[in-house]
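A look at the structure
One-letter residues, chain by chain:
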Amino acid sequence: MSCVVIIGTQWGDEGKAKMIDYFSAGADIIVRYQGGANAGHTVVTGGVKHVFHLIPSGILHPDKVCVIGNGVVLDPEQLLEEVDAIEKQGIEVGSRLFISDAAHLILPYHKLFDELVEESRADRIGTTKRGIGPAYSDKALRIGIRVGDVLNDEYLAERLACGLSMKNRQLAQMYDRAPFDSAKILDQVRNFRDRMKGNIINTQYYLHRAVLQKKKILLEGAQGVALDIDHGTYPFVTSSNTTIGGALTGTGLSPFNIDKIIGITKAYVTRVGEGPFPTEDEGDDGARLREKGGEFGSTTGRPRRCGWFDMEIMRYSKRVNGLTSLALTKLDVLSGFKKIKVAAGYEIDGRRLEYFPSSMHHRIRPVYEELDGWDEDISACRSFEALPLNARSYVDYIRKTLDIPISIVSVGPDRENTFILE
Ligand code: GDP
Ligand code: IMO
Ligand code: MG
């Protein structure tokens, strides 16, 4: 491996962090490249659960360097909280974490606007209220504040005055809200600077040098394909590119630096927040998947909507990302289902669709096939051969239908509950 990208292939929460932690053992550098603290990435080692929102999920390996790339929107308070929490557990972060000077900051007004915009719109997205949309909007409007700006006090005050005056006017005129005090925000940002200034670098240059030095780099995606701002179920998406393009723009690496693109794929599908979900099961089976899979948001605690494996979204994921293999997670959760449903494709008004549509406001009907389930607890299985016959058939069915290797299978939350397939 020299440069491997990990991408969520569904609506997020596929178990990416578990896989990042797993692959980190063979990497030198782990890089988060998009999104922000909307992500909730869970790693379980030796029965202890760690949830990361901003810090790359490789941080638990004490000899690895972690990088927050330019494509991330970074909440400085959240980052400090996470660093403190990790260090409290005896894991040193210190100089092992580099932060891009070109990443944009999420400030308190972004989080407030996230709430206000949600409350005032008819088609609520169900955002995580972490300020993601407002921060990426400011980036696009060119009124954002970047991490590197905090290093020069005068420039920082200038940048904040420019952005905040606009925000305070909007708050007063549109929402009848009190203005933010720029001195308070400056204090908060200076606190972040005083603690992290030694970690702020040009990560784009750092990563290019790492490539030349033949370092092994693991790129950690957040969210999943169907939440991509361009390729997802718009408007019910996040505000970044969660597909392969985001890995490039969010780091500054070139497409030719990438060797492998691994799609992390849950053995069923979940979604948190509003928006279309063709294979959602709102009955007993969905409730059972939620309970067995512990499907409650790692960031917000909201119950995740649950449903069946969807080949159409997977074909789309493979195509739009150029996936080289899949890692199949949470296969253990399917134990005990007599029948397992899989959507082979979609229909609209009785007509089969040939692709994942750009818009889902029309009624999409999944066309299901049913496979036989298995009863055995498979969490102790450490090889394909050890799986019950019907579990093997399920994995084979996915692999053959999508014509893609399945490189890893995960059968439980712990690092140990994993085996290599191809
Ligand atoms: P991410 O956002 O893609 O990193 O995924 P999350 O951490 O939000 O959610 C995945 C959840 O499933 C976490 O609670 C993981 O500990 C758990 N998990 C990951 N892989 C497996 C698995 O193979 N089996 C089971 N039962 N749980 C898993
Ligand atoms: P990880 O990395 C699942 C969803 C939210 C909402 C939509 C927009 O843990 O897989 P946002 O706060 O980004 O503006 O919310 O996107 N969402 C996620 N769903 N996993 C995530 O991250 C998500 N990050 C955002 O629920 O529907
Ligand atoms: Mg998650």
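Above this text sits the structure in question.
The rules behind these values
- Residues numbered from 1 in each chain as written.
- Chains lettered and ligands numbered in written order.
- Predicted model: local features only at pLDDT ≥ 70, side-chain atom pairs only at ≥ 80, totals over all residues.
- Heavy atoms only, no water.
- Pairing = 2+ DSSP bridges.
- Helix = DSSP H or I, 4+ residues; strand = E, 2+ residues; numbered from the N terminus.
- Near = heavy atom within 4 Å.
- Polar contact = N/O pair within 3.5 Å; in protein donor to acceptor, adjacent residues only side chain to side chain.
- Areas by Shrake-Rupley, 256 points an atom, 1.4 Å probe, with all protein chains shown as cover.
- Donors = N, O, S within 2.8 Å, 3.2 Å for Na, K, Ca; no water.
- Buried < 20%, exposed > 50% of the residue type's maximum accessible area, 1.4 Å probe, protein only.
- Core = buried A, V, L, I, M, F, W, Y, C linked by side-chain atoms within 4.5 Å.
- Domains from an automatic or database assignment.
- Contact = heavy atoms within 4.5 Å.

We now examine the sheet that holds strand β19 (residues 406–410). As summarised here, the arrangement of the 10 strands in space is β9-β7-β5-β2-β10-β1-β11-β15-β19-β20, forming an open sheet in which the pairing is mixed. At either end of the open sheet lies a strand with only one pairing partner, and these are β9 (200–201) and β20 (418–420). Relative to strand β11 (residues 260–266), strand β1 (residues 3–8) runs parallel, the two being bridged by five bridges. By the bridge assignment for β11, I7 is matched with G263.

Okay, the site of ligand 2 next. Taken together, 20 residues lie around ligand 2, and K16, H41, T128, Q223 and T238 are the ones closest in. Separating an oxygen atom of ligand 2 from a side-chain N or O atom of T238 is a distance of 2.6 Å. With the chains in place, 98% of the 550 Å² that ligand 2 exposes on its own is no longer accessible.

This next bit is on the coordination of the magnesium ion (ligand 3). Every protein donor of the magnesium ion (ligand 3) is accounted for by D13 (OD) and G40 (O), and the metal-donor separations fall at 2.0 to 2.2 Å. Taken as a pair, D13 in the loop between β1 and α1 (16–24) and G40 in the loop between β2 (29–32) and β3 (41–45) lie far apart in primary sequence, 27 residues in all. Of the residues examined, G40 reaches a relative accessible area of 11% and is grouped as buried.

A few words on α1. In terms of burial, α1 is largely enclosed, as eight of its nine residues are buried. Taken together, the buried positions of α1 are occupied by K16, A17, K18, M19, I20, D21, F23 and S24.

Within the largest apolar cluster, 69 residues are counted, with the highest numbers of intra-cluster contacts made by L219, L331, L334 and Y394. When residues are assigned to domains, this core turns out to be shared by domain 1 (3–102 + 200–261) and domain 3 (265–420), each giving three or more. Setting aside its immediate chain neighbours within four residues, L331 contacts A267, W374, I378, L387, Y394, V395, V409, S410 and V411. Membership of the second largest hydrophobic core comes to 53 residues, among which are C66, L79, I185 and V189.

Keep in mind these values describe shape, not function.
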